[in-house]
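Here's the letter readout for the chains.
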Amino acid sequence: MNNFTFHNPTRLVFGKGQITQLSTLIPSEANIMVTYGGGSVKKNGVYDQVVAALSNHKYIEFWGIEPNPTVETLRKAIAKGKENKIDFLLAVGGGSVLDGTKLIASGILYEGDAWDLVLKGGYGEAIPFASVMTLPATGSEMNSGAVISRAETKEKYGFFNTFPSFSILDPESTFTLSPYQIACGVADIFIHVVEQYMTTPRQSRIMDRWAEGILLTLIEIAPKIKANQHDYDVMADYMLSATMALNGFIGMGISQDWATHMIGHELTALHGITHGHTLSIVYPGTLRTLKEQKSEKILQYAGRVWGITEGSDDERINRAIESTEKFFRSLGLLTRLTENGVGEETIDKIVERFNKAGAAYGEKGNVTGDVAKQILQSSL
Ligand code: NZQ
Ligand code: ZN
């Protein structure tokens, strides 16, 4: 196990009716801006609960943070925040609203253009912010990451800001998610886990078991969610899986991959494909391409997650990769590029971008433009 420091300062407030806690969790003297997406919060009662909880607070609202939040929209929010001397932000919605708000939190204190902050990639000054998270997927409710797009140039990059001071998660708020959003959410969580797990073998037994626990949970609950997405306990497990997959708990002292995410972001930037869906397309290709490098870990995954224990190493590895792709398809996602209208031209564009940036992703730093090409070609 590598040396590490673990510090996650986000207070997690979980369960039915917990949105009322906003009234005491946000300082009464705060000058708040509440940020929202396109209106889903008005359909699931979350908006009414937030308004009721903030009845004794001073706040303004900013609407319209879109999926894959753009710097173009966020610049407007930053200007509004500066103009109104906002000193506390509350993000209410999915990962995009939260990520966008992380940029606003830094942008309010920054003199230059917000895109500089994204390109800098690292921690910056930020005003305090918190969230009411309504879409289990990104883990943004308990991590410092944010992924921002620039529509003008079709670029999408991640950066690390500060953690939410608290996040409220009410599983009932997920009852209104569409089946497609749930499929993408489950795929995103699954891939967050394997980006941290399917790397160097024998680094940490405890990290391995936690990761496998989340994967097994997702495989068990996916059909149950399909059968009844109003089952509170199932949705609670879905919601907590998302948080635990990307809040640092399963990533202590181990090497990490993230190449699939970097390729997936390009598919979103160039084609607008939903984040979790891009990952379900790329990941089986990553495994097919890097199966020798990852063989020991794939064999462990085959046995412990899929119960594949018979056959030669090669057979078990191939069956584990097939099971992974089948799982994504069972969610209702089309896992091939061509099925999603993406062809060789896009592969060339991504390779060109990776080469220009000197890309070297993955736990071994060997996912270059050429390797990304093999991954994408095996996903056609
Ligand atoms: O905008 P509204 O009207 O709120 O509707 C949203 C949006 O249209 C809707 N939605 C959210 N909660 C709902 C709901 N609809 C019904 N009921 C609810 N309870 O869902 C749509 C998609 O929302 P979005 O926030 O875009 O989805 P998600 O949470 O998957 O976030 C995706 C973004 O997060 C980034 C992705 O790249 C993408 O930009 N990621 C952020 C990460 C992080 N911060 O650590 C890590 C991830 O790997 C990911 O890259
Ligand atoms: Zn993701």
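Residues numbered from 1 in each chain as written. Chains lettered and ligands numbered in written order. Predicted model: local features only at pLDDT ≥ 70, side-chain atom pairs only at ≥ 80, totals over all residues. Heavy atoms only, no water.

1. Comments concerning the overall build of the protein
Looking only at helices and strands, the protein features 15 helices and 8 strands. For the protein, whose C-alpha radius of gyration is 20 Å, the value lies close to the compact-globule estimate of 21 Å for 380 residues. Going through the 380 residues of the protein one by one, you find that 56% of them count as buried. In the protein, 78% of the contacts between residues at least 6 apart in sequence involve partners at least 24 apart. If you sum the accessible surface of the protein, you get close to 15700 Å²; carbon and sulfur atoms cover 51% of it. (Helix = DSSP H or I, 4+ residues; strand = E, 2+ residues; numbered from the N terminus. Rg over C-alpha atoms; globule rule 2.2 N^0.38 Å. Buried < 20%, exposed > 50% of the residue type's maximum accessible area, 1.4 Å probe, protein only. Contact = heavy atoms within 4.5 Å. Areas by Shrake-Rupley, 256 points an atom, 1.4 Å probe, with all protein chains shown as cover.)

2. Examining helix H8 (residues 205-227)
In this model H8 runs 34 Å from its N-terminal to its C-terminal C-alpha over 23 residues, within 8% of the 33 Å that 1.5 Å per residue would give. Isoleucine 221 marks the point of greatest bend in H8, at about 35°, and the proline proline 223 comes within the next four residues. Looking only at H8, the buried set comprises Met207, Asp208, Ala211, Glu212, Ile214, Leu215, Leu218, Ile221, Ala222 and Ile225. Buried residues along H8 sit in contact with helix H7 (179-197), helix H9 (232-245), helix H12 (295-306) and helix H13 (313-330). (Expected span 1.5 Å × (residues − 1). Bend = angle between axes of the 7 residues up to and from the residue.)

3. Section: a negative patch on the surface
A grouping of Glu344, Glu345, Asp348 and Glu352 is seen on the molecular surface, where their side chains present a negatively charged patch. With respect to the helices and strands, the residue aspartate 348 is situated in helix H14 (residues 344-357). Aspartate 348 sits in the partly exposed class, given a relative accessible area of 41%. (Patch = residues over 30% accessible without salt bridge, like charges linked within 9 Å, V, L, I, M, F, W, Y side chains within 5 Å. Salt bridge = Lys/Arg side-chain N within 4 Å of Asp/Glu carboxyl O. Lys, Arg positive; Asp, Glu negative; His and termini not counted. Charge placed at Lys NZ, Arg CZ, Asp CG, Glu CD.)

4. A look at the packing of helix H10 (residues 259-271) against H14
Closest axis-to-axis distance for the H10/H14 pair is 11 Å, and the angle between their directions is 120°. One element, H10, and the other, H14, form an angle in the oblique class. Crossing handedness for the pair H10 and H14: right-handed. Together, Met262, Ile263, Glu266, Leu267, Ala269, Leu270 and His271 of H10 and Thr346, Lys349, Ile350, Arg353 and Phe354 of H14 make up the contact between the two elements. (Axes fitted to C-alpha atoms, helices over the stretch in contact; angles between N-to-C directions. Parallel < 35°, antiparallel > 145°, perpendicular 65-115°, else oblique. Left-handed = near helix turned anticlockwise from the far one by under 90°.)

5. Considering a nonpolar patch on the surface
A cluster of nonpolar side chains, Met1, Phe4, Phe6, Ile206 and Trp210, forms an exposed patch at the surface whose accessible area comes to about 500 Å². You can see tryptophan 210 is positioned in helix H8. By relative accessible area, tryptophan 210 is classed as partly exposed at 38%.

6. Regarding the sheet that holds strand S5 (residues 129-133)
Read from one edge of the open sheet, 6 strands run S1-S8-S5-S4-S2-S3, paired in parallel fashion. The open sheet has two edge strands, strand S1 (11-14) and strand S3 (58-62), and neither has a second partner. Along the sheet, successive strands turn relative to each other by an average axial angle of 20°, direction set aside. In the packing of helix H4 (residues 71-83) onto the sheet, contacts are made with strand S2 (31-36) and S3, and the angle to S3 comes to roughly 160°. Contacting S2, strand S4 (88-93) and S5, helix H5 (residues 95-107) crosses the sheet at an angle of about 165° to S4. (Pairing = 2+ DSSP bridges.)

7. Quick look at the packing of aromatic side chains
Tallied over the full model, the rule gives 12 aromatic pairs. Ring plane angle 65° and centroid distance 5.5 Å describe the contact between tyrosine 36 and tyrosine 47, whose orientation is recorded as edge-to-face. With tyrosine 36 in strand S2 and tyrosine 47 in helix H3 (residues 46-53), this pair connects stretches of sequence that are 11 residues apart. Owing to a relative accessible area of 0%, tyrosine 36 belongs among the buried residues under this scheme. For tyrosine 47, a relative accessible area of 16% translates into the label buried. Taking the centre distance of 4.1 Å and the plane angle of 15° together, the rings of tyrosine 36 and tryptophan 63 count as stacked. Of this pair, tyrosine 36 sits in strand S2 while tryptophan 63 sits in the loop between S3 and H4, and the two are 27 residues apart along the sequence. Following the ring pairs from residue to residue traces out a cluster consisting of Phe190, Trp306, Phe327 and Phe328. Stacked on the ring of tyrosine 232, the Lys or Arg lysine 16 has its end atom at 4.5 Å from the ring centre. Here the guanidinium or amino end of lysine 42 rests over the ring plane of tyrosine 47, the centre of that ring lying 4.7 Å away. (Phe/Tyr/Trp six-rings, centres within 6.5 Å; stacked < 30°, edge-to-face > 60°. Lys NZ or Arg CZ within 6 Å of the ring centre and 35° of its normal.)

8. A word on the site of ligand 1
Around ligand 1 sit 32 residues, and of these Ser40, Gly95, Ser96, Lys156 and Thr176 come closest. Between an oxygen atom of ligand 1 and a main-chain N or O atom of glycine 38, the distance comes to 2.8 Å. Between an oxygen atom of ligand 1 and a side-chain N or O atom of lysine 156, the distance comes to 2.6 Å. Calculation on ligand 1 without its partners gives an accessible area of 960 Å², and the protein chains cover 87% of this total. (Near = heavy atom within 4 Å. Polar contact = N/O pair within 3.5 Å; in protein donor to acceptor, adjacent residues only side chain to side chain.)

9. Notes on the domain arrangement of the protein
On domain assignment, one finds that the protein holds domain 1 (11-174) and domain 2 (179-378). On a C-alpha basis, the centroid separation for the pair domain 1 and domain 2 is 27 Å. Tallying the contact residues gives 26 residues for domain 1 and 22 residues for domain 2. When domain 1 packs against domain 2, close to 2000 Å² is buried across both sides, 64% of that on carbon and sulfur atoms. A per-residue breakdown of the area domain 1 buries against domain 2 is headed by Pro136, Lys154 and Lys156, which together make up 27% of the total. (Domains from an automatic or database assignment. Buried area = accessible area lost by both parts, 1.4 Å probe.)

10. Brief notes about the pairing of strand S7 (residues 155-160)
With 6 bridges joining them, strand S6 (residues 145-150) and S7 adopt antiparallel strand pairing. Each bridged residue has a counterpart across the sheet, and for alanine 146 the counterpart in S7 is phenylalanine 159. Counting the residues that bridge the hairpin from S6 to S7 gives 4 residues, and of these lysine 154 lies at a positive phi of roughly 55°.

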